[in-house]
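Fold and contact review
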Amino acid sequence: MKPPLIADGDRPREGGAQRSITEVAVGVLLQSDGRFLLTSRPAGKVYAGYWEFPGGKLESGETVPAALRRELHEELGIEALDIEPWKIELVDYPHALVRLHFCKVRSWRGGLQMREGQSHAWEQLPVLSQPVLPGTVPVLQWLAEERGFAGATHCDSGA
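Model, not experiment: these values are computed from the prediction.

Turning our eyes to something else, we now look at the sheet that holds strand β7 (residues 97–109). Read across the sheet, 5 strands follow the order β1-β6-β7-β2-β5 without closing on themselves; strand pairing throughout is mixed. With partners counted over all chains shown, the strands left at the sheet margins are β1 (5–6) and β5 (55–57), one partner each. Lying over the sheet, helix α1 (residues 64–76) contacts β2 (21–29), β5, β6 (79–92) and β7, oriented at roughly 120° with respect to β5. Contacts from helix α2 (residues 137–146) reach β1, β2, β6 and β7, with the element oriented near 115° to β6.

In structure tokens:
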């Protein structure tokens, strides 16, 4: 098993080494021209102002696609139509140990509504929105690899 990505390794871990894993569904919304959606974390949340792919925690008994559909509707006001499970990354943040279930979303219904007061940007590589959440960095690397220009992610996770 691959070790977790350590975010802000100089900071103590809340809950210690035996904390439970929080399961999170994450949507990588892709437009036909290759641009992808990043949203900012709203004020009042951990890492407020950092840029990330939208999504949220799975509720009890919920599948990853069901959680992602719910979260995208709650956060962005859209209905995800095409959800493709993609990759999984374990990230050890100071406040939580999270397993991120990344899914590509190629089609949706409705216009974007920033329902949590967050900002959004349709990005391409290299990413201009800064800083990006540490758990976002691997996705940018995977996208760069898929597109044949690894190393061109231009991101500062602040980690």
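Having seen it, we continue.
The next point concerns the nonpolar core. Core analysis: the largest hydrophobic core is formed by 29 residues, its most contacted members being F36, F53, F102, V139 and L143. Listing elements by their share of this core, those giving two or more residues are β2, β3 (36–40), β6, β7 and α2. Here this core takes 6 residues from α2, the largest share from any one element. Residues within four places of F53 in sequence aside, it is in contact with V26, G27, V28, F36, L37, L38, T136, V139, L140 and L143.

Looking now at α2. Buried residues dominate α2, accounting for 7 of its 10 residues. Turning to α2, its buried residues number three or more, namely V137, P138, V139, L140, W142, L143 and A144. A positive phi of about 80° marks G148, the residue just after α2.

Extensive coverage of β3 is indicated by the burial of 5 of its 5 residues. Burial of the side chains of β3 extends over both faces: F36, L38 and S40 are buried on one face and L37 and T39 on the other. Bridging between β3 and strand β8 (residues 120–123) involves 4 bridges; their strand directions are antiparallel. Its bridge partner lying in β8, T39 is registered against H120. Of the strand pairs in this sheet, β3 and strand β4 (residues 51–52) are connected by 2 bridges, and their pairing is antiparallel. Note that in β4 the partner of S40 across the bridge is W51.

Once that is clear, we can look at the side chain of R41. Mapped onto the fold, R41 is located in the loop between β3 and β4. A distance of 2.6 Å separates the side chain of R41 from the backbone oxygen of V46, its partner in a polar contact. Look past the residues within four positions of R41 in its chain and what remains in contact with it is V46, Y47, A48, G49, Y50, E52 and L133.

Taken as a whole, the largest pocket encloses approximately 570 Å³ of empty space. Taken together, 28 residues form the lining of the largest pocket, with V24, R41, E52, G55 and G56 sitting closest to its centre. Secondary structure elements with two or more residues in the lining of the largest pocket: β2, β3, β5, α1 and β7. In the lining of the largest pocket, the residues fall into 12 nonpolar, 9 polar and 7 charged.

Thresholds applied
Per chain, residue numbering runs from 1 following the sequence as it is written. Given that this is a predicted model, residues contribute local features only at a pLDDT of at least 70 and side-chain atom pairs are listed and counted only at 80 or more, while totals for whole chains, interfaces and linings are drawn from all residues. In computing side-chain properties, one takes all heavy atoms of the structure into account and sets aside hydrogens as well as water. Strand pairing is assigned whenever DSSP identifies at least 2 bridges connecting the two strands. Numbering of helices and strands starts at the N terminus; helices are DSSP runs of H or I of at least 4 residues and strands are runs of E of at least 2. The contact definition used throughout considers only heavy atoms, calling two residues in contact when any of these lie within 4.5 Å. Note on definitions: angles span 0 to 180 degrees between N-to-C directions of axes, and those axes are lines fitted to C-alpha atoms, for helices only across the stretch in contact. We call a set of buried Ala, Val, Leu, Ile, Met, Phe, Trp, Tyr and Cys residues a nonpolar core when their side-chain atoms join them within 4.5 Å. We call a residue buried when its accessible area falls under 20% of the maximum for its residue type, exposed when it is over 50%, and partly exposed in between, using a 1.4 Å probe and counting protein chains only. For the purposes of these results, a polar contact is taken to be a pair of N or O atoms within 3.5 Å, where, inside protein, one atom must be able to donate a hydrogen and its partner to accept one; residues adjacent in sequence count only when each atom of the pair is a side-chain atom. A pocket here means an open set of points on a 1 Å grid, computed over the protein atoms alone, that has protein on both sides within 12 Å along at least five of seven lines. A cavity is instead a set of points where a 1.4 Å probe fits but cannot get out; residues with an atom within 4 Å of a point line either one. Grid points are joined across faces, edges and corners, and a volume is the space filled by probe spheres set on the points. Three classes are used, and their members are as follows: Ala, Val, Leu, Ile, Met, Phe, Trp, Tyr, Cys and Pro are nonpolar, Asp, Glu, Lys and Arg are charged, and the others, Gly among them, are polar.

Everything listed here is a matter of coordinates, which is why it stays silent on function.
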